[in-house]
Amino acid sequence: MHPPIRRPDTLRPDTLRPATLRRRSLLAAAGAALFAPGLAGAQDRTLAIYSSRHYDTDRELYDGFTRQSGVRVRLIEANVDQLLERIRAEGANSPADVLVTVDAGRLARAQEAGVLLPIRSAVLDQRIPAHLRDPDGAWYGFSTRARVVMYDRAQGLPAGLARYEDLARPEFRGMVSTRSSSNIYSIGWTASVLAANGPEATEAWARGIAANLSRPPQGGDTDQIRAVAAGQGRLAISNTYYLGLLHRSARAEDRAVAERMAVLFPNQGDRGTHVNISGAGVVRTAPNRDAAQAFLEYLSSAPAQSIFADGNMEYPVVADAQPHAFLRSLGDFRQDPLNAARMAALSPEALRIMQRAGWR
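Residues numbered from 1 in each chain as written. Predicted model: local features only at pLDDT ≥ 70, side-chain atom pairs only at ≥ 80, totals over all residues. Heavy atoms only, no water.

All right, on to the layout of surface pockets then. Space inside the largest pocket adds up to approximately 490 Å³. Lining the largest pocket are 24 residues, and of these V80, V102, R106, R109 and I184 lie nearest its centre. Broken down by secondary-structure element, the contributors of at least two residues to the lining of the largest pocket are α4 (80-90), β3 (98-102), α5 (104-112), α7 (184-197), α10 (240-247) and α15 (340-356). It is α5 that contributes the most residues to the lining of the largest pocket, five residues altogether. Of the residues in the lining of the largest pocket, the class split is 11 nonpolar, eight polar and five charged. (1 Å grid on protein atoms, 1.4 Å probe; cavity = no way out; pocket = protein on both sides within 12 Å on 5 of 7 lines; lining within 4 Å. Points joined across faces, edges and corners; volume = space filled by probe spheres on them. Helix = DSSP H or I, 4+ residues; strand = E, 2+ residues; numbered from the N terminus. Nonpolar A, V, L, I, M, F, W, Y, C, P; charged D, E, K, R; others polar.)

Right, dumping it as structure tokens:
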């Protein structure tokens, strides 16, 4: 169950009032001694962050760390495969200090490639729940996204749907809109089903999903939501933050789509709803390891967690930060406690199962 929701601030970082900005600056300064020890002379140092998160609002995270520590941030953005290849090509001379990416599977891929350096941090072990971090400290999750079922309020939720497993039942033929099997979100979701039910039941489930699709898999999560709003299928599989971004879009038609949609958090009677993470780790060859670890610890601080929540409509992972008001309006829910590292380990088998089942 997500912590009780009491957070009043729901403004985007790029529209914060001066008083709110001052409050965040004071919070960041108050946390400096805890999250940035041993950074004397930091004003002359630069932390190189390689990130596959393409969100403009993340700039506030980096600026907040600089205000707190005095360490400047150099940001390199690309997809995770390009970043991993760049780090490998740079070798021991790589300037990369921190790798930031989305999905436990991608973090595990970086770990398997030998790119990440396991660290020990009492701060991170205390603040990040065990199921959202690598057991050996190679990476940590700093925000989560719930993978839910969305449906048109006007049509209502089809009877008998409460669990992910129900989506494969024959009565939901032609109703399901989801992404391709090769998408990392689909892989992680299926890996969570695999962990719960084993390979035979998961393959039967994947065949049912493939049979129940309203159209061939195409587009991203927002496309699934739009398809259901347009009457193309009744059930969209999507991460919650995509609905949140539609809700606060500058376009009236996007807000209208968000208003029409309702959310089911599946499996509340048993293991809970599948969540995946955005996370980060220290690069093995990092020239600024102390600053890199301090940055990860900063990401677990209350001010940084609030930026994840308000900036990109993600769920924060620590107990003293709350989701954006729109996500709170969707209701509290029980998370699947499956360790993200276990989910990542099952991902290759999950992809093979989906492809054998005809989920393209």
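With that out of the way, let us pick up the packing of aromatic side chains. Any pair of aromatic rings gets described here by the distance separating the centres and the angle formed by the planes. On inspection of all chains with the given rule, the structure shows 13 aromatic pairs. Between Y55 and Y241, the aromatic rings sit 6.3 Å apart at their centres with planes inclined by 75 degrees, giving edge-to-face as the arrangement. Of this pair, Y55 sits in the loop between β1 (46-51) and α3 (59-69) while Y241 sits in helix α10; the two residues are 186 residues apart in sequence, bridging distant segments of the chain. Look at Y55 and you get buried, because its relative accessible area is 18%. Take Y241: its relative accessible area is 2%, and that puts it in the buried class. Seen in terms of ring centroids, Y241 and Y242 are 4.3 Å apart; in terms of plane orientation they differ by 35 degrees. Their pairing is tilted. (Phe/Tyr/Trp six-rings, centres within 6.5 Å; stacked < 30°, edge-to-face > 60°. Buried < 20%, exposed > 50% of the residue type's maximum accessible area, 1.4 Å probe, protein only.)

Counting 82 residues, the largest nonpolar core has L47, V98, F142, L167, F295 and L296 as the members making the most contacts within it. Those residues within four positions of F295 in sequence are excluded, and the remaining contacts are L47, I49, Y62, F65 and V98. Listed in part, the 27 residues of the second largest apolar core include A146, L243, V257 and L327. (Core = buried A, V, L, I, M, F, W, Y, C linked by side-chain atoms within 4.5 Å. Contact = heavy atoms within 4.5 Å.)

Our next topic: helix α13 (residues 302-312). Counting buried positions over the 11 residues of α13 gives 10, a clear majority of the element. Among the residues of α13, P303, A304, Q305, S306, I307, F308, A309, D310, G311 and N312 are the ones counted as buried. Phi turns positive, to about 60 degrees, at M313, one or two residues after α13.

The phi dihedral of D103 is positive, around 90 degrees, even though this residue is not glycine. Its place among the elements puts D103 in the loop between β3 and α5. For M313, which is not glycine, the phi dihedral falls at a positive 60 degrees. Looking at where M313 falls in the secondary structure, it is placed in the loop between α13 and β9 (315-316). For M313, a relative accessible area of 0% translates into the label buried.

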